[in-house]
Amino acid sequence: ELKVEQNPLFLSMQEGKNYTIYCNYSTTSDRLYWYRQDPGKSLESLFVLLSNGAVKQEGRLMASLDTKARLSTLHITAAVHDLSATYFCAVAPPDSNYQLIWGAGTKLIIKP
Amino acid sequence: DVKVTQSSRYLVKRTGEKVFLECVQDMDHENMFWYRQDPGLGLRLIYFSYDVKMKEKGDIPEGYSVSREKKERFSLILESASTNQTSMYLCASKAGGEKLFFGSGTQLSVL
């Protein structure tokens, strides 16, 4: 059974600092997704990572995937208040086009 | 602009009531999903549908049913609402193996 673990689950940081959110998963997969959720809002897709070594960047966020280690990271560079949100990773089981297994989410608070 | 629309943002129902949650997408996606979101548990899949009139159980289907009579519409039904079904319900759609597009969610409270 595929399990997905995110850590930390809660992170409070100052503007201007760098930090990394980790997403570990328990069995083979070649598709990993990162989503963002603002308070009271729905989820918005950030990145889709499809192969080992994939790296994607948008603004101050960069996501990477290491399928051998079964690990994805979401790195935040020089954080700004607008990045405060909950971030979820989700992993697709290898034998399914439909299912996603979700991490519990990382609530990120960035203080001015 | 792509859109997944859920009919209600907030709902309050009584135990034992039958509850309908509606979701409409305008992207001609084959696949539609219903999730519930509870704090600390991430998203859990209730049901999904890969075509009109086709449905598959997700991880937590007990107490729920679904209907997909038209490609653009996917309904979630709580036959007899219970307090442990108080939750945020999220509808999503996608094409093939692509990313999910989510609706704005329905916060359901069952009293």
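Residues numbered from 1 in each chain as written. Chains lettered and ligands numbered in written order. Predicted model: local features only at pLDDT ≥ 70, side-chain atom pairs only at ≥ 80, totals over all residues. Heavy atoms only, no water.

(A) Focus on the sheet that holds strand S7 (residues 61–66) of chain A. Residue and element names in this part refer to chain A. The sheet built from 5 strands is open, its strands ordered S1-S3-S8-S7-S6 with antiparallel pairing. The sheet is open, and its two edges are formed by strand S1 (4–7) and strand S6 (55–58), each paired on a single side. Averaged over all neighbouring strand pairs, the angle between strand axes comes to 15 degrees, with direction disregarded. Where S7 meets strand S8 (residues 71–76), 6 bridges bridge the pair, whose relative direction is antiparallel. Residue pairing in the sheet places aspartate 66 in a bridge with leucine 71 of S8. (Pairing = 2+ DSSP bridges. Helix = DSSP H or I, 4+ residues; strand = E, 2+ residues; numbered from the N terminus. Axes fitted to C-alpha atoms, helices over the stretch in contact; angles between N-to-C directions.)

(B) Inspection of the sheet that holds strand S1 (residues 4–6) of chain B at higher detail. Residues and elements named next belong to chain B. If you trace the 4 strands from one edge of the open sheet to the other, you get S1-S3-S8-S7, paired in antiparallel fashion. With one partner strand each, in any of the chains shown, S1 and strand S7 (64–70) form the two edges of the open sheet. Across the sheet, the mean angle from the axis of one strand to that of its neighbour is 20 degrees, orientation sign disregarded. Of the pairings in the sheet, the one linking S7 to strand S8 (residues 73–78) comprises 5 bridges and is antiparallel in character. Residue pairing for S8: tyrosine 64 is matched across the bridge by leucine 78.

(C) Structural detail: the interface of chain B and chain A. In this assembly, 24 residues from chain B lie in contact with 18 residues from chain A. Contact with chain A buries surface across chain B, with Leu43, Lys99 and Phe102 of chain B losing the most and accounting together for 26% of the total. There are 0 salt bridges connecting chain B and chain A. Counting the contacts that link chain B with chain A gives 5 residue pairs in polar contact (both at pLDDT 80 or more). Among the elements of the structure, strand S4 (31–38), strand S5 (42–51) and strand S9 (87–94) of chain B are those that each provide at least two residues to the side of chain B that touches chain A. The leading source of residues in the side of chain B that touches chain A is S5 of chain B, at 5 residues. Each residue belonging to the side of chain B that touches chain A can be placed in one class, and the counts come to 10 nonpolar, 9 polar and 5 charged. (Contact = heavy atoms within 4.5 Å. Buried area = accessible area lost by both parts, 1.4 Å probe. Salt bridge = Lys/Arg side-chain N within 4 Å of Asp/Glu carboxyl O. Polar contact = N/O pair within 3.5 Å; in protein donor to acceptor, adjacent residues only side chain to side chain. Nonpolar A, V, L, I, M, F, W, Y, C, P; charged D, E, K, R; others polar.)

(D) Representation of the pattern of salt bridges. Residues and elements named next belong to chain B. On inspection of all chains with the given rule, the structure shows 6 salt bridges over all chains. Among the salt bridges present, the one from arginine 44 reaches aspartate 38, with a minimum N-O distance of 2.8 Å. Linking lysine 53 and glutamate 69 is a salt bridge whose minimum nitrogen-to-oxygen distance equals 2.5 Å. Pair noted here: lysine 53 is in the loop between S5 and strand S6 (54–57) and glutamate 69 is in strand S7, with a separation of 16 residues, a long-range link. Considered together, lysine 53 and glutamate 69 belong to a single accessibility category, that of exposed residues. A network of salt bridges, in which partner residues are shared, links Arg36, Asp38 and Arg44. (Buried < 20%, exposed > 50% of the residue type's maximum accessible area, 1.4 Å probe, protein only.)

(E) Region of the structure containing the packing of aromatic side chains. The final tally for this structure, using the stated rule, is 10 aromatic pairs over all chains. Pairing tyrosine 35 of chain A with tryptophan 102 of chain A gives two aromatic rings, centres 5.2 Å apart and planes at 45 degrees, and the pair type is tilted. One end of the pair, tyrosine 35 of chain A, is in strand S4 (residues 32–37); the other, tryptophan 102 of chain A, is in strand S10 (residues 101–102), and 67 residues separate them in sequence. By relative accessible area, tyrosine 35 of chain A is classed as buried at 0%. Looking at tryptophan 102 of chain A, the relative accessible area reads 7%, which means it is buried. Judged by centre distance (5.7 Å) and plane angle (90 degrees), the rings of tyrosine 35 of chain A and phenylalanine 102 of chain B are edge-to-face. Of this pair, tyrosine 35 of chain A sits in strand S4 while phenylalanine 102 of chain B sits in strand S10 (residues 101–102), each in a different chain. Take phenylalanine 102 of chain B: its relative accessible area is 10%, and that puts it in the buried class. One aromatic cluster in this structure is built from Tyr33, Tyr35, Phe88 and Trp102 of chain A together with Phe33, Tyr35, Phe48 and Phe102 of chain B. (Phe/Tyr/Trp six-rings, centres within 6.5 Å; stacked < 30°, edge-to-face > 60°.)

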